Amino acid sequence: MSDVEYRRATAAQGGLLVVSGVESVAFGDRVRVRDHQGRTRNGQVILAAEQETLIQVFEGTDDIDLENTWVRFLDQPLVLTVSPALLGRVFNGIGEPRDGRPPIVEGEQRNVNGSAINPAARNYPREFIQTGVSTIDGLNSLTRGQKLPIFSASGLPHNRLAAQIVRQARLPGEAGNFAIVFAAMGVSYADARFFEESFADSGVLGNVVMFVNHADDPPVERLALPRVALTAAEYLAFDLDRHVLVVMTDMTNYSEALREVATAKGDVPARKGYPGYLYSDLSEIYERSGRIRDRHGSVTMVPVVTMPSDDITHPIPDLTGYITEGQIVLSRELYNQGVYPPVDIAPSLSRLMKDGIGKDDTREDHPRVANQLYALYAKAQEARNLASIIGAEELSQRDQRYLEFATEFDKHFVGQGEDENRSIIETLNIAWELLSRFPRDALTRVSETDLAHYYRGGDEAA
Amino acid sequence: MSEARVGRIIEINGPILRINLAGARNGEQVRIGSLDIVGEIIALEGDIAIVQAYESTEGLRPGETVNGLGRPLTVELGPGLLQGIFDGMQRPLTEIARVAGDNIPRGLAIDSLDRKREWTFLPCDGLEPGDTIGVGELLGTVQETETIEHRIMVPPNVQGELIDLAHVGEYTLEDTIAQIRDKNDQVHKLKLYHRWPVRIPRPYSRRDHGVEPLITGQRILDTFFPLLKGGKGAVPGPFGAGKTMVQQQVARWSNADIVIYVGCGERGNEMVDVLESFPQLQDPNTGRGMMERTLLVANTSNMPVVAREASVYVGMTIAEYFRDQGHDVVMLADSTSRWAEALREVAGRLGHMPVEEGYPAYLGSRLAAVYERAGRVQTLAGERGSVTLIGAVSPPGGDFSEPVTSHTKEIIQTFWALSKELADARHYPSVDWVDSFSQDVSIAAGWWAENINGHWDKRREEALGLLARDAELSRIVNLVGPEALSHEQQWELEGAALIKEAVLQQSALDDVDSYCSPRKQFELLELVMQVFDRGKKLIELGAPVQELAEHPLMARIRRAKSTWRSDETDDLAEFATEVYETLAALHSEYASSQEAAS
């Protein structure tokens, strides 16, 4: 069938093309479309019926006419050829080279949609990854095989933070056989270049595979991109035993492309025009992270989600938060105060932290210190609210102490340099400096043993 | 049932197919195409049957064959269910991993229950050939795990004269253990297992009222918003509020006989967490490993969406099966929102008119039908059994007015509302005491009075009253500052803070505090309320609020929950006595100084 070209296009709209009277086309198959100028485009069958075939064209259907369009069915799903030669290369959303070098021909062809990992074959992620960022390591620790997105908003330094994590992330005491998969959907040239330079500066380019779709590239291609990128990541992790960190930016652009195609198809919209299957669709991407029993590698995911209008309840961050194992939330308020990285710890969370930290992983006081910092920070927020009503001078001595703590916490614990790579011990020590501003009795979340070991406050603190 | 018939595919639209199949029946199972994908007929339109596929349809072509199996989706019910992990169609995932590797392949035909394993069957005493056997009657038992006796019953659709019953011995699932001749002279060969269609509730002889609370070992749940055995509860909460932790804590510690955990459209790693951690945990009631009484149904979010819809029915049917054996079963469904979304997705592809947020008009009735399968019943064999259903709800944006949450709220008796604000402040479990409710407090009060303490009801109300006052006073503070409050009111704020920290907050990660027995729950509440009452009198005598609030005793009271285990309530009582004595000493101090002043 792959040798036959059909000239039976009967409709074209947005990224969709309808072909009539072609029998027995497989659902999900790849398609090549040749337009009136002889240029080829790529597509995929998204509805297969006896009379009509609906094709999603990755490059869009601009400039297509129905008369002079030839469609060829390739008789195979969208695949990526995997081989160690992926490392160091740059591809587009469907796995074609965009670095001017020849395509990879030798290697196994893998269906980019993959298939669900059997939960019974998974290993629970419990190895602490040190990112060198205190708000993450100390309070929202990342573990190998976790998916921990950065919730950000336009204008905030999520890319800088993601790049810092990529540069610094490692397992304490292990040099590591790592790789980075960078999946960029609808990013600006400047952002793409920023990441490329960051990888080059830290000398890791040879361990990076990049999949890039720029802001002016066809949106439909963004739907394939994360699947292609994760096929590469899974290969590197589970065939080549690498610890793979996948940075995906920006999942909001991905979701918007999904909405665009869904609307064109006439799918029933759920919230804000996004299709009802946005949750399932995002899950298919995010759930490809993890660890698998008896495999040495891992896929750890740090997706970037920019919250439209800074709204965390918008369907994209909302559904992401329901799937991922926590989130790191950036705050415009902190950023405006000059704090980098502007991580708002209150809504930030790492669900897998509990099993990756403590005595044998980081330090025995770590879980309780994190808990204590959170409790104090929550009280400090109340004090801040109160101060904004009655003025800081009117606060009780107890509340003033909270207020001072919050200021110091934002400055010294949250705030750190873009190149400052703190060890987890340094992070915990900074935490204890802050805790020691309080009298012992105010620290009810840490244990007596912790206090005996690490508490530095004297009587004057009371 | 009709024989297998062959039809063909007309159209493939994601998980929904249109097929041509003679004699197709709604609800019938089909096998699709060369990949042998599993599907179910969900609608008929003239010659066309609409099929929802439980597996990915990628690669299928119009014109491929479809086999009608002539029977609906059923589950296998028999020994070997416990400690297992199944997918949304009850396929055993551990076995799949063994035969097929790390990922789940399509079209895999595999038995739900192990056919090779032998079980020791112990027939009932006194049953003789010639006896008349009714539906659901007990034939014998199999000790499935150390703690769980699996009762082998006559299926609910068979009755008649017992012709033959197996002797004590080792049998596989396919061995015949009894033969029964029904009134039509048809002989039924009964095995250790039978099948039951998942969408048909299993019969029972009558419904009973709930009589005792399910004890979960979680203070905010048991003491403040009790759920009865056989009750219906919901845990709604935005992401990150701790729904899964609440569900897992209930699965771990509740005093049920059987726990069925349905991971419906949730994370793969959470299922692994249960699989890896439960065998290490000890049941506080039996001392045995927790996994022995647990089984998992896992349709993670990346698995096909249609099987997600089925997974809840699969879990429920298994729950009813254990109920019919006279067990108290807890079924946790995490999350019913994902189940509803699966319903919505299929409805959308079928072109059903959306009403709210894209959900079809029948969302409410479908939800109610699922929840109504919970309850405490008298079984066909005359025993008592119950299914308690606790559904997590994941409202978009944390908005409780959305369709799934609001419909659920109308159906359930106990509502454990999780709050983002509490979770952000790391107040766990983040069950909001304002939004949550339980309609069964009075029944629970009877149990507490009989088994723990007659003051439970009163103390509970006082504590909730104080928390309500706290919310009110906090609003004033936020408007005009704390100076506007009287000393008594300031002490009320301190009292509420003490309830929150010493009673309501409970760490699932703390070995001592993760489970709290009813006795310890009451002792802690009593201690805190006593301290509040006695403190109030001290304030009236002129003791400064600040001094009381920062008294070193307070830090110890806050730590009491994680200082003494559930079996160390004597030590806790001793500590309480020490606290009361200290406060009494303070009292006489202030009383005498006040006297001196006057």
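Residues numbered from 1 in each chain as written. Chains lettered and ligands numbered in written order. Predicted model: local features only at pLDDT ≥ 70, side-chain atom pairs only at ≥ 80, totals over all residues.

Examining the overall build of chain B
On a plain count of helices and strands, chain B comes out with 16 helices and 28 strands. In terms of overall dimensions, chain B has C-alpha extents of about 100 × 60 × 40 Å along its principal axes. Considering chain B as a whole, with its 598 residues, one finds that 53% of them fall into the buried category. (Helix = DSSP H or I, 4+ residues; strand = E, 2+ residues; numbered from the N terminus. Buried ≥ 20, exposed ≤ 12 C-beta atoms within 10 Å, placed from the backbone.)

Quick word on the overall build of chain A
For chain A, the helix and strand inventory stands at 13 helices and 21 strands. Taken against the 2.2 N^0.38 rule, which gives 23 Å for 462 residues, the C-alpha radius of gyration of chain A at 25 Å falls within 12% of a compact globule. Dimensions along the principal axes, computed over C-alpha positions, put chain A at roughly 85 × 50 × 40 Å. Taking all 462 residues of chain A together, 54% fall into the buried category. Excluding contacts between residues fewer than 6 apart, the proportion of contacts in chain A whose partners are at least 24 apart in sequence is 71%. (Rg over C-alpha atoms; globule rule 2.2 N^0.38 Å. Contact = placed C-beta atoms within 7 Å.)

Some words on the packing of helix α12 (residues 487–504) of chain B against helix α15 (residues 552–563) of chain B
Residue and element names in this part refer to chain B. Running from N to C, α12 and α15 cross one another at 20°; their axes reach a closest spacing of 8 Å. Here α12 is positioned roughly parallel relative to α15, judged by the angle of their axes. In this structure, the crossing between α12 and α15 has a hand that is right-handed. The segment α12 lies against α15, with Leu498, Glu501 and Ala502 engaging Ile557, Arg558, Ala560 and Lys561. Of the residues that constitute the contact of α12 with α15, the class distribution is 4 nonpolar, no polar and 3 charged. (Axes fitted to C-alpha atoms, helices over the stretch in contact; angles between N-to-C directions. Parallel < 35°, antiparallel > 145°, perpendicular 65-115°, else oblique. Left-handed = near helix turned anticlockwise from the far one by under 90°. Nonpolar A, V, L, I, M, F, W, Y, C, P; charged D, E, K, R; others polar.)

Some words on helix α4 (residues 221–239) of chain A
Along an α-helix, residues three or four positions apart point the same way, because every turn accommodates 3.6 residues. Residue and element names in this part refer to chain A. Here α4 is 19 residues long and its end C-alpha atoms lie 26 Å apart, about the 27 Å a rise of 1.5 Å per residue gives. For α4, the tally of buried residues reaches 18 of 19 residues, placing the bulk of the element in the interior. Positive phi appears at aspartate 241, one or two residues downstream of α4, with a value of about 60°. (Expected span 1.5 Å × (residues − 1).)

A short note on the nonpolar core
Within the largest apolar cluster, 304 residues are counted, with the highest numbers of intra-cluster contacts made by Val181(A), Ala232(A), Val246(A), Ile260(B), Met331(B) and Val528(B). Val528(B) has contacts with Leu498(B), Ile499(B), Ala502(B), Val503(B) and Ile557(B), leaving out every residue within four places of it along the chain. (Core = buried A, V, L, I, M, F, W, Y, C linked by C-beta atoms within 7 Å.)

What to know about the sheet that holds strand β12 (residues 149–153) of chain B
Residue and element names in this part refer to chain B. The strand order β12-β11-β9-β14 describes an open sheet built from 4 strands, whose pairing is antiparallel. Each edge of the open sheet is held by one strand with a lone partner, namely β12 and β14 (169–171). Taking each pair of neighbouring strands and ignoring which way they run, the sheet shows an average axis angle of 40°. As judged from the 3 bridges shared by strand β9 (residues 119–123) and β14, these two strands associate in the antiparallel manner. (Pairing = 2+ DSSP bridges.)

Observations concerning the packing of helix α10 (residues 366–390) of chain A against helix α12 (residues 424–435) of chain A
Each pair of packed helices gets described by two things: the angle between the helix axes and the distance between those axes. Residue and element names in this part refer to chain A. Remark: α10 packs on α12, axes separated minimally by 11 Å, with the N-to-C direction vectors making an angle of 45°. Viewed along their axes, α10 and α12 adopt a mutual orientation that is oblique. The hand of the α10/α12 crossing is left-handed. From α10, His366, Val369, Gln372 and Leu373 reach across to α12, where they touch Leu428, Ala431 and Leu435. Residues belonging to the contact of α10 with α12 are distributed by class as follows: 5 nonpolar, 2 polar and no charged.

Some details on the sheet that holds strand β13 (residues 160–165) of chain B
Residues and elements named next belong to chain B. An order of β10-β13-β15-β16 is seen for the 4 strands of this open sheet, with the pairing classed as antiparallel. Whereas interior strands pair on both sides, the edge strands pair on one side only; in this sheet they are β10 (132–133) and β16 (187–191). Both β10 and β13 contribute to a ladder of 2 bridges, which runs antiparallel. Counterpart to threonine 132 in the pairing with β13 is glutamate 161.

Concerning the interface of chain A and chain B
With 60 residues of chain A in contact, the opposing surface of chain B contributes 58 residues. Of all elements in the fold, only β5 (40–49), β11 (122–123), α6 (278–286), α7 (315–323) and α10 of chain A reach the threshold of two or more residues within the side of chain A that touches chain B. With 9 residues, α10(A) is the single largest residue contributor to the side of chain A that touches chain B. Residues of the side of chain A that touches chain B, tallied by class, amount to 33 nonpolar, 15 polar and 12 charged.

Things to note about unusual backbone geometry
Residue Pro341(A) is bonded to the preceding Tyr340(A) through a cis peptide linkage, with omega at -15°. Tracing the chain through its elements places Pro341(A) in the loop between α8 (332–336) and β21 (349–350). The linkage connecting Tyr428(B) with the following residue, Pro429(B), adopts the cis geometry, with an omega of -10°. Summarising the element assignment, Pro429(B) is placed in the loop between α9 (420–424) and β28 (437–438).

What to know about the domain arrangement of chain A
As assigned here, chain A comprises domain 1 (5–76), domain 2 (80–354) and domain 3 (366–461). Every contact between the two is made by 10 residues of domain 1 of chain A and, on the other side, 10 residues of domain 2 of chain A. (Domains from an automatic or database assignment.)

Examining the confidence of the model for chain A
In this model, chain A carries an average pLDDT of 92, and 97% of its residues clear a pLDDT of 70 or more. Taken element by element, chain A is modelled with least confidence in strand β1 (residues 5–6) of chain A, mean pLDDT 88, and with most confidence in strand β14 (residues 150–152) of chain A, mean pLDDT 98. (pLDDT = per-residue confidence, 0-100.)

Notes on the environment of Pro279(B)
All names here are of chain B. Positionally, proline 279 belongs in the loop between α4 (268–277) and β21 (294–299). Under the C-beta neighbour-count criterion, proline 279 is labelled partly exposed, with 13 such atoms within 10 Å. Counting along the chain gives 15 residues from proline 279 to threonine 294, while the straight-line C-alpha distance between them is 9.7 Å.

Overview of helix α8 (residues 403–411) of chain B
All of the buried residues along α8(B) are Pro403(B), Val404(B), Thr405(B), His407(B) and Thr408(B). The inward-facing, buried residues of α8(B) abut β19 (232–236), α6 (336–349), β23 (354–356), β24 (359–360), α7 (363–371) and β26 (384–393) of chain B.

What to know about the pairing of strand β20 (residues 326–329) of chain A
Residue and element names in this part refer to chain A. Every second residue of β20 is oriented toward a common face, with Gly326 and Ile328 on one face and Gln327 and Val329 on the other, all of them buried. The pairing of β20 with β21 spans 2 bridges and is antiparallel. The partner of glycine 326 across the bridge, within β21, is serine 350.

Remarks on the environment of Ala232(A)
All names here are of chain A. Tracing the backbone through its elements, the reader meets alanine 232 in helix α4. Spatially, the C-alpha atom of alanine 232 lies 31 Å from that of glutamine 13, the residues being 219 residues apart in sequence. In this structure alanine 232 touches Leu80, Val82, Leu86, Val181 and Val209, once residues within four positions along its chain are discounted.

As for the confidence of the model for chain B
In the predicted model, chain B carries a mean pLDDT of 93, and the fraction of residues at 70 or more is 99%. Predicted complex, confidence summary: ipTM 0.89, pTM 0.93.

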